[in-house]
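Summary of the model geometry
Residue strings, one per chain:
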Amino acid sequence: MVDALAGLGTREITLIGGEAYLRRDWLEIIRAVARHDILCGLQTGGRALTEAKIKDAAAAGLRSAGVSIDGPADLHDRLRGVRGSHTQAMAALRNFRKYGLSGSVNTQITSAVLPHLDEVMDSIIEAGARVWQIQLTVAMGNAADNAELLLQPYDIVALMPKLASLHESGKARGLRLVPGNNIGYFGPYEAQWRSVTEHASHWQACSAGETAMGIEADGTIKGCPSLATGVYGGGSVRDRPLAEIWNESKAIRQTVGRTVTDLWGLCQTCYYAPVCKAGCTWTTHSLFGKPGNNPYCHYRALHLDRLGLRERIVKVQEAPGLPFDNGRFDLILERTDGTAVPAELERSIRLGPAPANKVRSAKKLQLCHHCNEFSYTSERRCPHCGTGKKTARKVFIRRESQNARLVKKMQALLQKIEALNAAAGDGV
């Protein structure tokens, strides 16, 4: 399997589970990955992941490891159903650092963890985490059975500023907050947390079946490990070569060729539809049994909030109790006070401005330095704030130059103060 992945040009392989280290040959798999110079990582809950196992994995070629922390100890243990699981997870995180692994933390954002995010961040920084990936809990498995754990789409309006604040405070303390594939989708913080260089980056549509692949324990291949197997399983490597499944399976390719016409609901009317393509396939399929309309979008939630509207999900069908299963939810559009919206108003809503067809087909976006929203490169004015793009760019450059000069002055002043302090210490 590893040889076949290397033949496809794979650059990173992450072992997940369950728990990958319950396999007796897990170190052999790590060694095989390392022999191909492919980055090998591990995602784990940390239960029974002893220091000896971590030491052996690092020696075998493991280079990074992430552990799930879903709240403070009592909340984490309750969600995981095992007392002491938080203690074991934090111990694993500390041992990652001890044996030279790049240690990260993954946190599922549930309704229960929202008041504890600062506490979680403090604890994982102390334990040595350098990356913190945040993911919205999706209506699959445990969360499908316990829908009260799920955020409502309108909660995104308050959540995003909180995550942006954590992103900045974490960065100052050596922790990088990384939004998962179902967080964000434009809005004023998109460039803040998607950009890893000076170039402003943004969400680029679901990568399932394009730059990502999921491999189940029985050899089934999917475009993403989280997707429902019954719908998105493309075949098994026990029956067909991996390259053949990857290149020819319709189940895998269905997430790659999605266009605006495949979208539905408000996502089909969205200004960003050609680029975003309704966000994470897993999130929307778990709710509605099909992709293409994602209510957990910051841009969408903000736009509706400005209109005095919000969206709410209601479970209408229980999950059948199968692996990777989901129930069914209805999506309700209502006023922010919970009252009903007339059907004619609901039909008239679209998300943001309507760019010309030639603009939408370009699919290239640039950041407006006035309102921090992205717009298509062929538009001379930002359709979100109305500012001319050249004017906004000039103001941004001038402001950055002023800031740079101010920083230099402050550095020079600090040097003078240090020199005076040194002189005073010498008795001058």
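One can find the structure itself at the top, above this paragraph.
Per chain, residues are indexed from 1 in the order of the written sequence. Residues qualify for local features only when their pLDDT is at least 70, as the model is predicted, and side-chain atom pairs are given and counted only at 80 or more; totals for whole chains, interfaces and linings, by contrast, use all residues. Here the side-chain values reflect all heavy atoms present in the structure, with hydrogen atoms and water set aside.

Below, the discussion takes up the overall build of the protein. Helix and strand definitions follow DSSP, with helices as H or I runs of at least four residues and strands as E runs of at least two, each counted in order from the N terminus. From N to C terminus, the protein includes 18 helices and 12 strands. The globule rule is 2.2 Å times the number of residues to the power 0.38, and the radius of gyration it is compared with is taken over C-alpha atoms. The C-alpha radius of gyration computed for the protein amounts to 24 Å, which stays within 12% of the reference 22 Å derived for 428 residues, consistent with globular compactness. For the protein, the C-alpha atoms occupy an extent of roughly 75 × 70 × 45 Å along the three principal directions. Exposed residues in this analysis have more than 50% of their type's maximum accessible area, buried residues have under 20%, and partly exposed residues fall in between, with area computed by a 1.4 Å probe over protein chains only. For the protein, with 428 residues in total, the buried portion stands at 46%. Any two residues whose heavy atoms approach within 4.5 Å are treated as being in contact. Residue pairs at least 24 apart in sequence account for 63% of intrachain contacts in the protein once pairs closer than 6 positions are excluded. As used throughout, the charge tally considers Lys and Arg to be positive and Asp and Glu to be negative, leaving His and the chain termini uncounted. Every charge is mapped onto a representative atom, which is NZ of Lys, CZ of Arg, CG of Asp or CD of Glu. Positive and negative charge centroids in the protein, built from 54 and 42 side chains respectively, lie 8 Å apart.

Attention now goes to the nonpolar core. Buried Ala, Val, Leu, Ile, Met, Phe, Trp, Tyr and Cys residues form a nonpolar core when they are joined through side-chain atoms within 4.5 Å. Of all hydrophobic cores here, the largest spans 68 residues; its most connected members are Ile30, Phe96, Ile124, Trp132, Leu159 and Leu163. Counting residues per element, this core draws most heavily on helix H8 (residues 156–172), at 6 residues. What Ile30 contacts, discounting residues up to four positions off in sequence, is Leu15, Cys40, Ala57, Ala60, Gly61 and Leu62.

Right, let's talk about the pattern of salt bridges for a bit. Each salt bridge in this description consists of a side-chain nitrogen of Lys or Arg and a carboxyl oxygen of Asp or Glu lying within 4 Å of one another. Using the criterion set out here, one finds 15 salt bridges in the structure. Across the pair Glu248 and Arg240 runs a salt bridge whose closest N-O atoms are separated by 4.0 Å. For Glu248, a relative accessible area of 53% puts it in the exposed group. Residue Arg240 is classed as partly exposed on the basis of its relative accessible area of 27%. Measuring nitrogen to oxygen at the nearest pair gives 3.0 Å for the salt bridge that ties Glu334 to Arg312. Residue Glu334 is located in strand S10 (residues 328–335), and its partner Arg312 is located in strand S9 (residues 309–317); the two are separated by 22 residues in the primary sequence. By relative accessible area, which is 3% here, Glu334 ends up buried.

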